[in-house]
Amino acid sequence: RYGIPLYIQDYSGIDDIHRNMETMGEILDHAQEATEAIERLKYEEKLIVDSTSSRIKYRTMVIIGVKPLIVAGGGSFMSEVIEKAGAVNAFADLEDKYPVINQEAILNANPEVILIPSTNDQIYQQFAEQYPLLHLNMIASQDGRVYLIDPDLVLRPGPRTLQGLAVLAKTLHPNIDLTEILE
């Protein structure tokens, strides 16, 4: 109507971040800078993946919503991030990206790690009060492996996702050295 070009980005995986950066570089006439940034991100991604490849792959649940219970499923962007950070998505077998699940499904999955993308430091307490059976019976709760993660780093696909990937990898595997990326 107004003759203004519109570009819509679509993200279903980390490769889409690279593709969209390349496209935006071309659109904005900064293709060289975009290529250099993409190569740096790919290098950092490889460092992270290589540093976690021989580590324990914890069965990990990402809680997206508490009421109703929503987790990251197998087709989600978050599932790929979890795997590249050196874990296994406890709900990778679910086709929906962000399915609503019941308590029984969580008990059956019995995650070893729980990740909650949130800045609300009371969110897990709310979860535990809402679902005491889960809180008392999950390995992750019993072992104290429940972690809050900055949602801006892991839920919004973009160049900062690699920083989120590094933070996740370091959270899951505290002994790995990612100082080159996290500086």
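Residues numbered from 1 in each chain as written. Predicted model: local features only at pLDDT ≥ 70, side-chain atom pairs only at ≥ 80, totals over all residues. Heavy atoms only, no water.

**Examining the pattern of salt bridges**
The following threshold applies: Just to be clear on terms, a salt bridge is a Lys or Arg side-chain nitrogen sitting within 4 Å of an Asp or Glu carboxyl oxygen. Labels follow the DSSP assignment, with helices taken as runs of H or I lasting at least four residues and strands as runs of E lasting at least two, numbered in each case from the N terminus. The rule is simple: take the accessible area with a 1.4 Å probe, protein chains only, and divide by the maximum for that residue type; under 20% is buried, over 50% is exposed, in between is partly exposed.
Within the structure shown, the criterion is met by 7 salt bridges. Where K46 meets D50, a salt bridge forms, and the shortest distance between an N and an O atom there is 2.6 Å. Separated by 4 residues within a single helix, K46 and D50 lie in helix α2 (residues 31–52), roughly one turn from each other. Where D152 meets R156, a salt bridge forms, and the shortest distance between an N and an O atom there is 2.9 Å. D152 gets classed as partly exposed once you look at its relative accessible area, which sits at 27%. The exposure class of R156 is exposed, given its relative accessible area of 56%.

**Points about the packing of aromatic side chains**
The condition is simple: Only rings of Phe, Tyr and Trp enter the pairing, Trp through its six-membered ring, and a pair is recorded when the two centres are within 6.5 Å. The plane angle decides the type: under 30 degrees is stacked, over 60 is edge-to-face, the rest tilted.
Inspection of every chain in the model, using the stated rule, returns 2 aromatic pairs. Look at F127 and Y131: their rings are 5.4 Å apart centre to centre, the planes differ by 50°, and that puts the pair in the tilted class. You can call Y131 buried: its relative accessible area is 9%. Site record: aromatic cluster; members linked through ring pairs are Y124, F127 and Y131.

**Some thoughts on unusual backbone geometry**
Between K67 and the following residue, P68, the backbone shows a cis peptide bond with an omega angle of 5°. Structurally, P68 is set in the loop between β1 (58–65) and β2 (70–71). Its identity is not glycine, yet D29 carries a phi of approximately 60°, on the positive side. Classification of D29 by relative accessible area gives exposed; the value is 68%.

**Some thoughts on the confidence of the model for the protein**
Selection criterion: For every residue, the pLDDT score states the predictor's confidence, bounded by 0 at the bottom and 100 at the top.
On average, residues of the protein score 90 in pLDDT, and 99% of them reach the 70 mark or higher. Considering each helix and strand of the protein separately, the mean pLDDT is smallest for helix α10 (residues 179–182), with a value of 72, and largest for strand β3 (residues 87–89), with 96.

**Details of a nonpolar patch on the surface**
To keep things clear, this is the line we draw: Patch membership needs two things, relative accessible area over 30% and no salt bridge, and members are linked within 9 Å if like-charged or within 5 Å if nonpolar (Val, Leu, Ile, Met, Phe, Trp, Tyr). Where accessible areas are quoted, they stem from the Shrake-Rupley method and a 1.4 Å probe; at the residue level, only the protein chains shown are allowed to cover.
Taken together, the side chains of Y7, I27 and L28 make up a nonpolar region of the molecular surface, amounting to roughly 290 Å² of accessible area. For L28, a relative accessible area of 52% translates into the label exposed.

**Focus on the packing of α2 against helix α9 (residues 161–172)**
Selection criterion: Lines fitted to C-alpha atoms define the axes, with helix axes restricted to the stretch in contact, and inter-axis angles between N-to-C directions lie between 0 and 180 degrees. Here roughly perpendicular refers to angles of 65 to 115 degrees, roughly parallel to angles under 35, roughly antiparallel to angles over 145, and oblique to all remaining angles. Crossing chirality is assigned from the near helix's rotation relative to the far helix, an anticlockwise turn below a right angle marking it left-handed and a clockwise turn marking it right-handed. We call two residues in contact when some of their heavy atoms are within 4.5 Å. All residues other than Ala, Val, Leu, Ile, Met, Phe, Trp, Tyr, Cys, Pro, Asp, Glu, Lys and Arg, Gly among them, are scored as polar; the first ten of these are nonpolar and the last four charged.
Contact geometry of α2 with α9 gives a least axis separation of 10 Å together with a crossing angle of 15°. With respect to α9, the axis of α2 lies roughly parallel. For the pair α2 and α9, the crossing hand works out as left-handed. Residues L41, E44, E45, I48 and T52 of α2 form the contact with α9, whose participating residues are L162, L165, A166 and A169. Of the residues assigned to the contact of α2 with α9, the class counts are 6 nonpolar, 1 polar and 2 charged.

**Some thoughts on helix α5 (residues 123–130)**
We count it as follows: Along the arc lie the directions from the helix axis toward the C-beta atoms.
Within the span of α5, buried status applies to I123, Y124, F127 and A128. Across the axial projection of α5, the buried residues extend over an arc of 140°, all falling on one side. Packing partners of the buried residues in α5 comprise β1, β4 (113–117), α6 (132–137), α7 (139–142) and β5 (146–149).

**Description of the side chain of H18**
Within the secondary structure layout, H18 lies in helix α1 (residues 14–27). Overall, the relative accessible area of 6% leaves H18 in the buried class. Once residues within four sequence positions are removed from consideration, H18 is found in contact with I38, L41, K42 and E45.

**A few points about the environment of G74**
With respect to the helices, strands and loops of the structure, G74 is situated in the loop between β2 and α3 (77–84). Along the backbone, G74 and P99 are 25 residues apart, and their C-alpha atoms lie at a distance of 9.5 Å. If near-sequence neighbours (up to four positions away) are discounted, G74 is found in contact with S79, N89, F91, A92, L94 and D96.

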